[in-house]
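Listed below, chain by chain, are the residues.
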Amino acid sequence: MQTNVSYFENKKEFRLFVTKSFPNLIKLKKEGDQASFNLLVLQIIPQIRQYVNTQLNIAIRKGHFSKNKYKADDIIDQLFVEIYDHIDEVEKEEHFYQWLYKKTNALLEDLSTTEEFNDLFFKNIDDYSKPEWDAMQEKYSSDADGDGHLKLIEEFEDNSYNHNDYTLNHVFIENKEKGWIEKIDKDLSKEDIKNHITMVLYNLPSAMRNVFELFTTQELSLEEIAEIRNNTIEDVEQLLKDAKKALQLSLLNRYTNK
């Protein structure tokens, strides 16, 4: 199902729109007006589509299934049905936003259950030298350039809303790390930083990567992510901590003299 693109300046604005849409959606469903219901959902979907595209692109690149087997529209079409059929499960309007991601995650998990995690990568992340990091980045980039893996899905080109523009602030959060931020930020372009973070996340376990993205890109709280993933808050907190630690070590080893 093709959707019109809605533009939101930031995630907080988008989240507010989703929350305020909930009572209207409930009203439209009670009235049996599915056409108007779907029109309102269409205004929500573009931001969710970007999240779906990111997950599908990684799964395709990992070899879980072929490029032509699934499209974002397959997930979006199912999501429309899930929203209409099960929106009554949502008890409060402020829970609607996280509920959407929980439904989306469940649909994505049905497509691929293969664990692609390379245990050696995570265990040895503090031991890679700068030349080794550069070689990994080169391979990651050359694979993408050769096979089009970074833009596997056409809708991923849509620039009317924010993509995964990871920054150092997503990785370094404590005051004692300010010096590292300033040094790396001075030496590297935003594109270099984003490419490195994306490459490292690609090699991390899916659970760790998913928690990091939901927390940073989708701006969900740890409690909300735990609900979305059916994890404990402690598990989610540890996954996020491990992801940030891996990213920190990779940046420090590659771009600074420790």
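Residues numbered from 1 in each chain as written. Predicted model: local features only at pLDDT ≥ 70, side-chain atom pairs only at ≥ 80, totals over all residues. Heavy atoms only, no water.

Engineer: How would you summarise the environment of Gln50 if you had to cite specific residues and measurements?
Structural biologist: Relative to the helices and strands, Gln50 is located in helix 2 (residues 34-61). We classify Gln50 as buried; its relative accessible area is 1%. As a C-alpha pair, Gln50 and Ala72 span 22 residues in sequence and 8.8 Å in three-dimensional space. (Helix = DSSP H or I, 4+ residues; strand = E, 2+ residues; numbered from the N terminus. Buried < 20%, exposed > 50% of the residue type's maximum accessible area, 1.4 Å probe, protein only.)

Engineer: Can you explain the packing of helix 3 (residues 72-86) against helix 4 (residues 96-111)? Please cite residues and give values.
Structural biologist: Packing of helix 3 against helix 4 leaves a shortest axis separation of 10 Å and a crossing angle of 130°. Taken together, the axis directions place helix 3 and helix 4 in an arrangement best described as oblique. Remark: the crossing between helix 3 and helix 4 carries right-handed chirality. Contacts between helix 3 and helix 4 involve Ile75, Gln78, Leu79, Glu82, Ile83 and His86 on the former and, on the latter, Trp99, Leu100, Lys103, Thr104, Leu107, Leu108 and Leu111. (Axes fitted to C-alpha atoms, helices over the stretch in contact; angles between N-to-C directions. Parallel < 35°, antiparallel > 145°, perpendicular 65-115°, else oblique. Left-handed = near helix turned anticlockwise from the far one by under 90°. Contact = heavy atoms within 4.5 Å.)

Engineer: Give a detailed account of the nonpolar core, specifying residues and quantitative values.
Structural biologist: Grouped together as the largest cluster of nonpolar side chains are 68 residues, with contacts concentrated most on Phe96 and Tyr101. Looking at which element gives the most residues to this core, the answer is helix 2, with eleven residues. In this view, Tyr101 contacts Phe14, Ile48, Tyr51, Leu214, Gln218, Leu220 and Ile228; residues no more than four positions away in its chain are not counted. (Core = buried A, V, L, I, M, F, W, Y, C linked by side-chain atoms within 4.5 Å.)

Engineer: Could you give an account of the pattern of salt bridges, naming the residues involved and the relevant values?
Structural biologist: Counted according to the given criterion, the structure contains twelve salt bridges. The residue Glu89 makes a salt bridge to Lys103 at a minimum N-O spacing of 3.6 Å. Placement of Glu89 in the loop between helix 3 and helix 4 and of Lys103 in helix 4 is noted, with a sequence separation of 14 residues between them. Here Lys102 ties to Glu227 by a salt bridge, and the two come within 3.0 Å at their closest N and O atoms. Taken as a pair, Lys102 in helix 4 and Glu227 in helix 10 (residues 222-229) lie far apart in primary sequence, 125 residues in all. Note on Lys102: relative accessible area 25%, which makes it partly exposed. For Glu227, a relative accessible area of 39% puts it in the partly exposed group. (Salt bridge = Lys/Arg side-chain N within 4 Å of Asp/Glu carboxyl O.)

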